[in-house]
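Structural features, examined
Here is how the chains run, residue by residue.
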Amino acid sequence: MKKKTNFNLVIVGGGSTYTPGIVKSLLDKKDQFKLEQLRLYDNNKERQDKVAVLVKKVVEMFDPELEVVVTTEPEEAFSDADFIFAQMRVGLYKMRELDEKIPLKYGVVGQETCGPGGLAYGLRTIAPMVEIIDFCEKYASREYWIVNYSNPAAIVAKAMHRLRPDARILNICDMPVAIMRNMANILDCDRHDIVADYFGLNHFGWFTKIRVGEEDRTEELKAYVKEHGYMPPDERSEVRHNDASWKHTFDNAKYLMRMFPDYLPNTYMQYYLLSDQIVKDANKDYTRANEVMDGREKRIFDTVDKYLATGEIDMTPFFTGVHGEFIVEVAMSLAYNLRKRHLVMVPNCGSISNLPEDAMVEVPAYITSEGPEAVRVGEIPTFYKGMIEQQEACEKLIVEAAIEGSYEKALMAFTMNKTVPDAFTAKKILDEMIEANKEYWPELK
Ligand code: NAD
Ligand code: G6P
Ligand code: MN
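Our subject in this report is the structure included herewith. Keep in mind the model is a prediction, meaning the values are calculated, not measured.

Calculation notes
Residues numbered from 1 in each chain as written. Chains lettered and ligands numbered in written order. Predicted model: local features only at pLDDT ≥ 70, side-chain atom pairs only at ≥ 80, totals over all residues. Heavy atoms only, no water. Phe/Tyr/Trp six-rings, centres within 6.5 Å; stacked < 30°, edge-to-face > 60°. Helix = DSSP H or I, 4+ residues; strand = E, 2+ residues; numbered from the N terminus. Buried < 20%, exposed > 50% of the residue type's maximum accessible area, 1.4 Å probe, protein only. Lys NZ or Arg CZ within 6 Å of the ring centre and 35° of its normal. Donors = N, O, S within 2.8 Å, 3.2 Å for Na, K, Ca; no water. Core = buried A, V, L, I, M, F, W, Y, C linked by side-chain atoms within 4.5 Å. Near = heavy atom within 4 Å. Polar contact = N/O pair within 3.5 Å; in protein donor to acceptor, adjacent residues only side chain to side chain. Areas by Shrake-Rupley, 256 points an atom, 1.4 Å probe, with all protein chains shown as cover. Nonpolar A, V, L, I, M, F, W, Y, C, P; charged D, E, K, R; others polar.

A look at the packing of aromatic side chains
Scanning the entire structure with this criterion turns up 19 aromatic pairs. Relative to Phe 78, the ring of Tyr 41 lies with its centre 5.1 Å away and its plane at 65°, an arrangement referred to as edge-to-face. In this pair, Tyr 41 is assigned in strand β2 (residues 35–41) and Phe 78 in helix α3 (residues 74–78), connecting sequence segments 37 residues apart. Taking the centre distance of 6.1 Å and the plane angle of 80° together, the rings of Phe 199 and Tyr 384 count as edge-to-face. Separated by 185 residues along the polypeptide, Phe 199 in strand β7 (residues 194–201) and Tyr 384 in helix α14 (residues 382–404) bring together distant segments of the chain. Taking relative accessible area as the criterion, Tyr 384 reaches 2% and is therefore assigned buried. Linked through ring pairs, Phe 199, Phe 204, Trp 206, Phe 260, Tyr 263, Tyr 272, Phe 383 and Tyr 384 together constitute an aromatic cluster. Taking NZ or CZ as reference, Lys 24 lies 4.9 Å from the ring centre of Phe 62, over its face.

Focus on the coordination of the manganese ion (ligand 3)
Looking at the metal site, the manganese ion (ligand 3) is ligated by Cys 173 (SG) and His 203 (NE2), spaced 2.2 to 2.4 Å from it. Highlighted residues: Cys 173 in the loop between β6 (169–171) and α7 (175–187) and His 203 in the loop between β7 and β8 (204–212), separated in sequence by 30 residues.

Overview of the nonpolar core
Counting residues in each nonpolar core, the largest one holds 99 residues, and the members touching the most others are Phe 33, Phe 83, Phe 85, Met 183 and Phe 207. If you look at the next biggest cluster of nonpolar residues, it comprises 49 residues, including Tyr 41, Ile 102, Leu 123 and Ile 429.

As for the site of ligand 1
In the vicinity of ligand 1 there are 27 residues, among which Ser 16, Asp 42, Met 88, Tyr 93 and Tyr 121 approach most closely. One nitrogen or oxygen atom from the main chain of Met 88 is found 2.6 Å from an oxygen atom belonging to ligand 1. Contacts to ligand 1 include Asp 174, whose backbone N or O atom sits 2.9 Å from an oxygen atom. Look at ligand 1: alone it shows 860 Å² of surface, and the protein chains cover 96% of it. Of all the elements in the fold, those that place two or more residues in the shell around ligand 1 are α4 (92–105) and α5 (115–139). When its residues are assigned to classes, the shell around ligand 1 shows 11 nonpolar, 10 polar and six charged.

See the structure below:
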């Protein structure tokens, strides 16, 4: 158990569009999760300084005692840090746009974290994430915890487990909990009362059982999802998931549920199982990156400009939702040894008994102050096992490509991905991505 009661918390990627919401979630819990200092750290001063205007304003409104530090200096950011919330986007939205648009040119799924786009993003993020861990090892409290949202979280988690196995990092994703929020709307209960059984990799998994308290509601939920996907009955949704593309994603779950009725799919399975349809539905000239730049990102910067010009503050960017709530809930369970059950990424180590020990799996775990204690899932059926093995091998190869600077392994990873039809296509996408990522990728030989 931690002795300290007031924590120093760093947000890495302080200039992120999610920072205001996460800060608001922290402020909502200020009486239970006490902070000494809130620090924003980013390698893009201009972007972070803008977002910091909003952060300082909301802190002044809700917890004026809290000290806010905004810095691009690692020593200042990480010295004696207890919690590090990581949410970097290496290459910003301009690179996300290319991750999405390059594969689409070749008729392949263009997505932030899935398919070639996710692999490209992985190759950009591994080295910067190692750097953050090394800063923590050098400067932070001995009991630091990095809670990482930085994507592609599956590849980041795998690479960090390989390169920095002793680091105190817990990789998390808000998609399962966002789906559980919709499930709670469908079942008309509080999302905190849902107990989910789940297995898979990050952005690649299935819910096997949904209980509300003690009551098993799985079959009722499956019947609903077959008809309506994860769209709640009255279209209640959070601001972030209200965009047309998200609604389409929640709706697509109905096709997966009808074809594979065993388990309730993570929405990300659409990219692997409905790839052709996803490509047909995509606009090659205007992808999700464009939607976010014209939406969430613009709203944040417009709010800053308006506040600086008029002193009026629009609270929309402070919308917390499950994204902000979840990371704070996980951190509190780490801080106070609450042993709360959450779906998180952990080294498999036998949890899913017929998958490799060193796979980074996403399963339920009890979050203690020493880290996650994963539940035992047991054996999974052939279809799911085969799909996961293919994806896991793909992620393993991209991590090895990054470490060894191996073109051949990168090509294997691209070819292995289920969204890519053949090796020629994989090679064309990879070669174009090498050009586009010159500034960021390790050299592949
Ligand atoms: P964003 O571009 O608005 O913010 C990312 C910030 O990271 C930028 O300010 C950027 O300058 C900074 N950054 C980039 N490289 C850095 C480095 N090496 N060191 C320090 N800072 C660096 O992006 P966003 O849309 O707000 O998303 C932030 C991240 O959170 C992304 O990785 C996104 O994929 C991830 N995310 C993950 C989940 C999840 O479920 N795991 C959910 C939502 C968002
Ligand atoms: C979900 C996923 C994240 C992903 C995000 C993208 O929350 O779990 O991993 O980054 O969606 O959302 P966006 O609104 O940026 O497209
Ligand atoms: Mn995610």
